[in-house]
Amino acid sequence: MVLKRFFSPDDFIEEYDFIDVEYMNMHNKKVIISDLDNTLISWDSKKDTKQLTKWLNRMKKAGFDIIVVSNNSEERVREFCEKLNLQYVAEAKKPFSNGFKKALEKLGKKPEEAIILGDQVLTDILGAKNLGGAMSVLVKPISKTDAFRTRINRFFEGKIITILKSKKQFPKMKLRKNRRKHCS
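A short tour of the structure in this document, coming up.

Rules behind the numbers
Residue numbering note: each chain is counted from 1, following its sequence as written. Per-residue local features of the predicted model are confined to residues with pLDDT of at least 70, and side-chain atom pairs are confined, for both listing and counting, to 80 or more; whole-chain, interface and lining totals are unaffected and use all residues. With hydrogens and water excluded, all non-hydrogen atoms of the structure serve as input to the side-chain values. Working definition: helices are DSSP H or I runs of at least four residues, strands are E runs of at least two. Numbering for both runs from the N terminus. The criterion used for residue contact is that any of the two residues' heavy atoms lie within 4.5 Å. In this analysis, a patch consists of residues with relative accessible area above 30% that form no salt bridge, clustered at 9 Å for like charges and at 5 Å for the nonpolar side chains Val, Leu, Ile, Met, Phe, Trp and Tyr. Throughout, the Shrake-Rupley method with a 1.4 Å probe supplies accessible areas, and for residues the shown protein chains are the sole cover considered. For this analysis, a salt bridge means a side-chain nitrogen from Lys or Arg found within 4 Å of a carboxyl oxygen belonging to Asp or Glu. Each residue's exposure class comes from its accessible area (1.4 Å probe, protein chains only) as a fraction of the maximum for that residue type: buried when under 20%, exposed when over 50%, partly exposed otherwise. The pairing criterion is simple: DSSP has to find at least two bridges between the two strands. Crossovers are marked right-handed if the path from the first strand over the helix to the second runs clockwise, as seen with the strands pointing away from the viewer. In this description, a line fitted to the C-alpha atoms serves as the axis of each element, helices being fitted only across the stretch in contact, and the angle between N-to-C directions of two axes falls anywhere from 0 to 180 degrees. Every angle not falling under 35 degrees, over 145, or within 65 to 115 is termed oblique; those three ranges are roughly parallel, roughly antiparallel and roughly perpendicular. Crossing chirality is assigned from the near helix's rotation relative to the far helix, an anticlockwise turn below a right angle marking it left-handed and a clockwise turn marking it right-handed. As used here, the term nonpolar core means buried Ala, Val, Leu, Ile, Met, Phe, Trp, Tyr and Cys residues forming a set that is joined through side-chain atoms within 4.5 Å.

### Looking at the side chain of S70
Tracing the backbone through its elements, the reader meets S70 in the loop between β3 (65-69) and α4 (74-83). Setting aside anything within four residues of it in sequence, one finds S70 in contact with D35, L36, D37, V77, V89, A90, E91, A92 and K94.

Set out below in structure tokens:
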């Protein structure tokens, strides 16, 4: 079915930090290509959280590359990523795959080595599927609100997810509280 092929993520997680060293190793991945707004931070926030900084440091120390690919403006993405010493691709035009390809080129990695993490089916997951080879991981949005353009996407995304769930073709969200804490 077309909906499953392009809009159903390979995994669905409650929070970005569900992805830890064990998760990366289990899936044989070396890089996380992450969306920014409502994936790592709230869409209307300008600063990172202690939780995010701790997670980024832990993942980098373990040898994983992390790069942000966002549809947001160069200014917004640069301001955030420079503070955290993260590489990025801004104005990526997701769901087209060029932003993801640029990210992989910057890191010298192949799609098969990557997890693409994001909070939107119509941009992040479809973009990952358009790229091909990467693992697509949907994360529950951090904020309950969205920018206007995103609210339009969420409406259609909701319809698609409902159809996929009714056909049992959408993964169940993995919750953090059901996961053991790992020392990594």
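### Section: a nonpolar patch on the surface
A cluster of nonpolar residues, I152, F155 and F156, forms a patch on the protein surface that exposes about 300 Å² of accessible area. Looking at where I152 falls in the secondary structure, it is placed in helix α7 (residues 148-166). Its relative accessible area of 40% is what places I152 among the partly exposed residues.

### Description of the pairing of strand β6 (residues 135-139)
Along any regular strand the residues' side chains alternate between the sheet's two faces. A large share of β6 lies buried, amounting to 5 of its 5 residues. Residues M135, V137 and V139 of β6 are buried on one face, and the alternating residues S136 and L138, pointing to the opposite face, are buried as well. Bridge analysis of strand β1 (residues 11-13) against β6 gives 3 bridges, and the strand direction is parallel. The partner of D11 across the bridge, within β6, is V137. Remark: the strand β5 (residues 114-118)/helix α6 (residues 121-131)/β6 crossover connection has right-handed handedness.

### Structural notes on unusual backbone geometry
The omega angle of the peptide bond from K94 to P95 is 20 degrees, so this bond is cis rather than trans. Assignment of secondary structure puts P95 in the loop between β4 (87-89) and α5 (98-107). Within the chain, E91 stands out as a residue other than glycine whose phi angle is a positive 45 degrees. Mapping E91 onto the fold places it in the loop between β4 and α5. Unlike most non-glycine residues, K168 shows phi in positive territory, near 55 degrees. Here K168 is to be found in the segment after α7.

### Topic: the packing of α5 against α6
As a packed pair, α5 and α6 sit with axes 9 Å apart at the nearest point and diverge in direction by 65 degrees. It follows that α5 is roughly perpendicular to α6 by the angle criterion. You can see that α5 and α6 cross each other, and the crossing is right-handed. Together, F100, K101 and L104 of α5 and D124, G127, A128 and L131 of α6 make up the contact between the two elements.

### Focus on the nonpolar core
Within the largest apolar cluster, 30 residues are counted, with the highest numbers of intra-cluster contacts made by I19, L52, W55 and M59. Elements with a contribution of two residues or more to this core: α2 (21-26), α3 (50-61), β3, α4, β5 and β6. With 4 residues, α3 is the single largest residue contributor to this core. If sequence neighbours within four positions are ignored, M59 has contacts with I19, D20, V21, M24, I32, F64 and I66. In this structure, L104, A114, L131 and A134 belong to the second largest nonpolar core, which totals 15 residues.

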